[in-house]
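Read off the chains here:
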Amino acid sequence: GLMMRNHPEFIETMVAASASGCVFVPIDPRTRGAKLAYTLRNSECRGIICADYALAQVAAVRGELPDLEWIVVLESREDPGSPAAADVPGAEPFAPLLDTAEKYVDVRVDAPLDPFEIIYTSGTTGDPKGVVCSNGRYVGASAMGYLIGFTPEDRPYNGLSLTHGNAQLITLAPSLTMKLRAVFSRRFTKSRLWDVLREHGCTVFNLLGGMATAIYSEPPKPNDADNPVRVVLSAGMPAELWEAFEKRFNLKILECYGAVEGGLAINPVGVGPIGSFGKPPPGLDMKIVDEQGNECPPGVVGELISRPSTGERVEVEYFKNEEASRKKTHGGWLRSG
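To start, this report covers the structure provided alongside it.

### Some thoughts on the state of the cysteines
In protein structure, a disulfide is the covalent linkage between the sulfur atoms of two cysteines. Across all of its chains, the model carries zero disulfides by this definition. This cysteine, Cys 22, is not joined by any disulfide, and Cys 45 carries the nearest cysteine sulfur, 11 Å off. Lacking any disulfide linkage, Cys 256 is separated from the closest cysteine sulfur, that of Cys 133, by 17 Å. Cys 256 gets classed as buried once you look at its relative accessible area, which sits at 8%.

Structure representation (structure tokens):
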């Protein structure tokens, strides 16, 4: 388990997990109670690396997790009153581990399809489902940088949590592959966003859902348009806000849609109509179907489904949930729901 905000140690642990053949489970540090216990138990986590501000939540459910053998604590001291590793029996601090002699191991991943991480869905309609992502698929996600037009001069910014797919797959993966100096915040801040972007010279940043409305609702400032950002990667920019957002902040919007399980549509800058998330990239077929599986005519609401243009069957693995996996890829197509 990996339960912390966007600390450098998060990314270092991701890399270590891949090299050592382990599988990590990113967990939002705000998770607690039954949902936290379920995630750790369902994923069969044998240990967890958590920040001190999440330690009390882990300690509260430890009695329900007989297979959890160890707890390593990143003592960030970011939140006053957080317990230390010494306050929880069996927990040990992260820092002393770094003071020991280095241990070099051969990379233990045998094939691209070896699992890399299990990302859990939000669980809004039942227990969260763990999506098994392979090492190869994570590397493949780095192609997003080329699809959305990152350049060698870009400096991407993301204030979303690395425990979710957006920051991991759209910002981190392309930045590592293209050797871009990405910037991550511990927490997203709408009031200081533009100051952060100016301070670090960020040229691209990500928005989800209501974040755009929250940013736009901040009181206008004389220097709103004076910033280094050239494009915003948006998922859910309200159509009525689109042009006003671009004009006020002197940038362009690239809208895209995707999910951790797969599927992708992109509306490049100045290509598709405002309010549309665009079309699938080359190599991916996408259509909208009714309950009988028939393609819907224009203007008729249906379900979005996708698959490779080769006709190859889509594969999604929900950890220990074969029924949900089959349902998600019924008929060889990825069902968005």
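### A look at the environment of Tyr 146
For Tyr 146, the location among the structural elements is in helix H6 (residues 144-147). As for Tyr 146 and Met 178, which are separated by 32 residues in sequence, their C-alpha atoms are 9.0 Å apart.

### Side note on the sheet that holds strand E9 (residues 204-208)
Reading across from one edge, E8-E7-E9-E10-E11-E12 is the order of the six strands in this open sheet, with mixed pairing throughout. Unpaired on one side and paired on the other, strand E8 (183-184) and strand E12 (264-267) mark the two borders of the sheet. Two elements, strand E7 (residues 156-158) and E9, share two bridges in a ladder whose sense is parallel. When the bridges of E9 are listed, Pro 156 appears paired with Val 204.

### With respect to the nonpolar core
Counting residues in hydrophobic clusters, the biggest one holds 66 residues, and the most contacted among them are Ile 71, Trp 194, Phe 205, Leu 207 and Phe 245. With five residues, helix H3 (residues 52-61) is the single largest residue contributor to this core. Sequence-distant contacts of Phe 245, that is, excluding residues within four places in its chain, are made with Leu 207, Ala 212, Ile 215, Tyr 216, Val 232, Met 237, Leu 251 and Ile 253. The next biggest cluster of nonpolar side chains, apart from the first, holds 14 residues, and it includes Ile 148, Met 178, Val 231 and Ile 266.

### Digging into the packing of aromatic side chains
In total, this model carries eight aromatic pairs according to the counting rule given. Between Trp 194 and Phe 249 the ring centres are 4.4 Å apart and the planes differ by 15°, which places this aromatic pair in the stacked class. Taken together, the residues span a long stretch of sequence, with Trp 194 in helix H8 (residues 193-200) and Phe 249 in helix H10 (residues 239-249) at a distance of 55 residues. Pair check on accessibility: Trp 194 and Phe 249 agree, each one buried. Following the ring pairs from residue to residue traces out a cluster consisting of Trp 194, Phe 205, Tyr 216, Phe 245 and Phe 249. Sitting above the plane of the Tyr 53 ring, Arg 5 keeps its charged end 3.7 Å from the centroid. One residue, Arg 248, lies across the ring of Tyr 216, its end atom 4.9 Å from the ring centre.

### Topic: the layout of surface pockets
Size it by volume and the second largest pocket reaches roughly 1400 Å³. Along its surface, the second largest pocket is lined by 35 residues, and Ala 16, Ala 17, Ser 20, Cys 22 and Ile 49 are the ones closest to its centre. With seven residues, helix H1 (residues 8-20) is the largest single contributor of residues to the lining of the second largest pocket. When its residues are assigned to classes, the lining of the second largest pocket shows 22 nonpolar, six polar and seven charged.

### Overview of the packing of helix H2 (residues 33-42) against H3
At a closest axis distance of 9 Å, the pairing of H2 and H3 adopts a crossing angle of 75°. Accordingly, the angle class assigned to the pair H2 and H3 is roughly perpendicular. For the pair H2 and H3, the contacting residues are Gly 33, Leu 36 and Ala 37 in the first and Gln 57, Val 58 and Val 61 in the second. Class assignment for the residues of the contact of H2 with H3 results in four nonpolar, two polar and no charged.

### What about the side chain of Asn 206?
With respect to the helices and strands, Asn 206 occurs in strand E9. Here Asn 166 takes part through its side chain, which lies 2.9 Å from a polar atom of the side chain of Asn 206. A distance of 3.3 Å separates the side chain of Asn 206 from the side chain of Thr 171, its partner in a polar contact. Residues contacting Asn 206, with those up to four places away along its chain left out, are Tyr 157, Asn 158, Asn 166, Ile 170, Thr 171, Met 211 and Leu 233.

### Side note on the pairing of E9
Within E9, four of the five residues are buried, which leaves the element mostly enclosed by the surrounding structure. Pairing analysis gives five bridges linking E9 to strand E10 (residues 231-235), with the strands arranged parallel. Bridging across to E10, Phe 205 finds its partner in Val 232. Handedness of the crossover joining E9 and E10 through helix H9 (residues 211-216): right-handed.

### Here we look at the pattern of salt bridges
For the structure on display, the rule yields 13 salt bridges. One salt bridge in this structure joins Asp 79 and Arg 5, with 2.8 Å as the shortest N-O distance. Taken as a pair, Asp 79 in the loop between strand E3 (70-74) and strand E4 (91-93) and Arg 5 in the loop between strand E1 (2-3) and H1 lie far apart in primary sequence, 74 residues in all. We classify Asp 79 as partly exposed; its relative accessible area is 23%.

Conventions adopted
Residues numbered from 1 in each chain as written. Predicted model: local features only at pLDDT ≥ 70, side-chain atom pairs only at ≥ 80, totals over all residues. Heavy atoms only, no water. Disulfide = S-S within 2.5 Å. Buried < 20%, exposed > 50% of the residue type's maximum accessible area, 1.4 Å probe, protein only. Helix = DSSP H or I, 4+ residues; strand = E, 2+ residues; numbered from the N terminus. Pairing = 2+ DSSP bridges. Core = buried A, V, L, I, M, F, W, Y, C linked by side-chain atoms within 4.5 Å. Contact = heavy atoms within 4.5 Å. Phe/Tyr/Trp six-rings, centres within 6.5 Å; stacked < 30°, edge-to-face > 60°. Lys NZ or Arg CZ within 6 Å of the ring centre and 35° of its normal. 1 Å grid on protein atoms, 1.4 Å probe; cavity = no way out; pocket = protein on both sides within 12 Å on 5 of 7 lines; lining within 4 Å. Points joined across faces, edges and corners; volume = space filled by probe spheres on them. Nonpolar A, V, L, I, M, F, W, Y, C, P; charged D, E, K, R; others polar. Axes fitted to C-alpha atoms, helices over the stretch in contact; angles between N-to-C directions. Parallel < 35°, antiparallel > 145°, perpendicular 65-115°, else oblique. Polar contact = N/O pair within 3.5 Å; in protein donor to acceptor, adjacent residues only side chain to side chain. Right-handed = clockwise from strand over helix to strand, strands pointing away. Salt bridge = Lys/Arg side-chain N within 4 Å of Asp/Glu carboxyl O.

What is shown is where atoms sit, not what they do.
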